[in-house]
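Coordinates in review
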Amino acid sequence: MPLDDVDAEISDEFNAVKTINSDTVSIAAANLSMDKLTNINIKFNIAAGANVSDYIFTVDGQTVTPKKSGSSYYVTMEGISPVNFDKMYEFKVQSKNDDSDYVSLKYSCITYAKKVLEISSDNSLRNTMKALYFFNQEIKRYVNQEEEE
């Protein structure tokens, strides 16, 4: 079924939620990678002069090791199952020395899809994100049906 003429009405509950309580760390970008696995990648910038080792990077409260990319750092939530495409993961960078110095981002695969549908003119990408959204909706229906039986 061609998706060019199909609208995916994604609710505002999937908007990214940012909390910025840091002058040192900022959220630079968020994207989705889909190869063999579906991954969310969040890019953080750390101000010049600050040491990345003074910060803890977490996804849903679990400490992760950031990957350096140029002057930025990436955190990835890997291997997201289609049934969890709508799960809002919390990506957080917090100072080891000051709990009030942190940034966080709540983000899902559907958040990315929603953003693409709002701003992109690339029909191929738009249709891929519509398919991702509809696939998640159908797999949720299937799982709920199986649980009821």
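Notes on the structure follow. (Residues numbered from 1 in each chain as written. Predicted model: local features only at pLDDT ≥ 70, side-chain atom pairs only at ≥ 80, totals over all residues. Heavy atoms only, no water.)

Some remarks on the nonpolar core
As a reminder of what qualifies: As used here, the term nonpolar core means buried Ala, Val, Leu, Ile, Met, Phe, Trp, Tyr and Cys residues forming a set that is joined through side-chain atoms within 4.5 Å. Burial classes: relative accessible area under 20% of the type maximum marks a residue as buried, over 50% as exposed, and values in between as partly exposed (1.4 Å probe, protein chains only). Segments assigned H or I by DSSP are reported as helices when at least four residues long, segments assigned E as strands when at least two residues long, and all are numbered from the N terminus. Note on definitions: a residue-residue contact is assigned when non-hydrogen atoms from the two residues lie within 4.5 Å.
In this structure, Ile10, Ile40, Ile42, Phe44, Phe57 and Phe91 are the most contacted members of the largest nonpolar core, which totals 32 residues. Only strand S2 (25-34), strand S3 (38-46), strand S4 (55-59), strand S7 (72-77), strand S8 (89-95), strand S9 (102-107), helix H1 (109-119) and helix H2 (123-148) provide two or more residues apiece to this core. Per-element tally for this core: the top contributor is H1, with six residues. Those residues within four positions of isoleucine 10 in sequence are excluded, and the remaining contacts are Ile110, Ala113, Lys114, Leu117 and Tyr133.

Topic: the packing of aromatic side chains
Short version of the rule: Only rings of Phe, Tyr and Trp enter the pairing, Trp through its six-membered ring, and a pair is recorded when the two centres are within 6.5 Å. The plane angle decides the type: under 30 degrees is stacked, over 60 is edge-to-face, the rest tilted. A ring has a charge above it when a Lys NZ or an Arg CZ is no more than 6 Å from the ring centre and no more than 35 degrees off the ring normal.
Enumeration over the complete set of coordinates arrives at three aromatic pairs. A ring pair is formed by phenylalanine 44 and phenylalanine 57, whose centres lie 6.0 Å apart and whose planes are at 75 degrees; its orientation type is edge-to-face. Here phenylalanine 44, found in strand S3, pairs with phenylalanine 57, found in strand S4; they are 13 residues apart in sequence, far enough to count as distant. Across the pair, exposure class does not vary: phenylalanine 44 and phenylalanine 57 are buried alike. If you follow lysine 92 out to its NZ or CZ, it ends over the ring of tyrosine 102, 4.5 Å from the centre.

Some points on the sheet that holds S4
Put simply, the test is: At least two DSSP bridges between two strands are required for those strands to pair. Every angle, taken between N-to-C directions, lies between 0 and 180 degrees, and every axis is a line fitted to C-alpha atoms, over only the stretch in contact when it is a helix.
Taken in spatial order, the five strands make up an open sheet running S1-S9-S8-S4-S5, and their pairing is antiparallel. A single partner strand is all that each edge strand has here, and the edge strands are strand S1 (17-21) and strand S5 (62-64). Recorded for the sheet is a direction-independent mean angle of 20 degrees between the axes of neighbouring strands. Two elements, S8 and S9, share six bridges in a ladder whose sense is antiparallel. Each bridged residue has a counterpart across the sheet, and for valine 93 the counterpart in S9 is valine 103.

Quick notes on the layout of surface pockets
The condition that has to hold: Within this scheme a cavity is a closed region of a 1 Å grid, computed over the protein atoms alone, that accommodates a 1.4 Å probe without allowing it to escape, whereas a pocket is open but has protein on both sides within 12 Å along at least five of seven lines; lining residues each have an atom within 4 Å of a point. Grid points are joined across faces, edges and corners, and a volume is the space filled by probe spheres set on the points.
The computed volume of the largest pocket comes to approximately 230 Å³. Along its surface, the largest pocket is lined by 14 residues, and Ala16, Lys18, Tyr107, Thr111 and Lys115 are the ones closest to its centre. The set of elements that each furnish at least two residues to the lining of the largest pocket consists of S2, S9 and H1.

Such coordinate-based values are descriptive only and should not be taken to indicate function.
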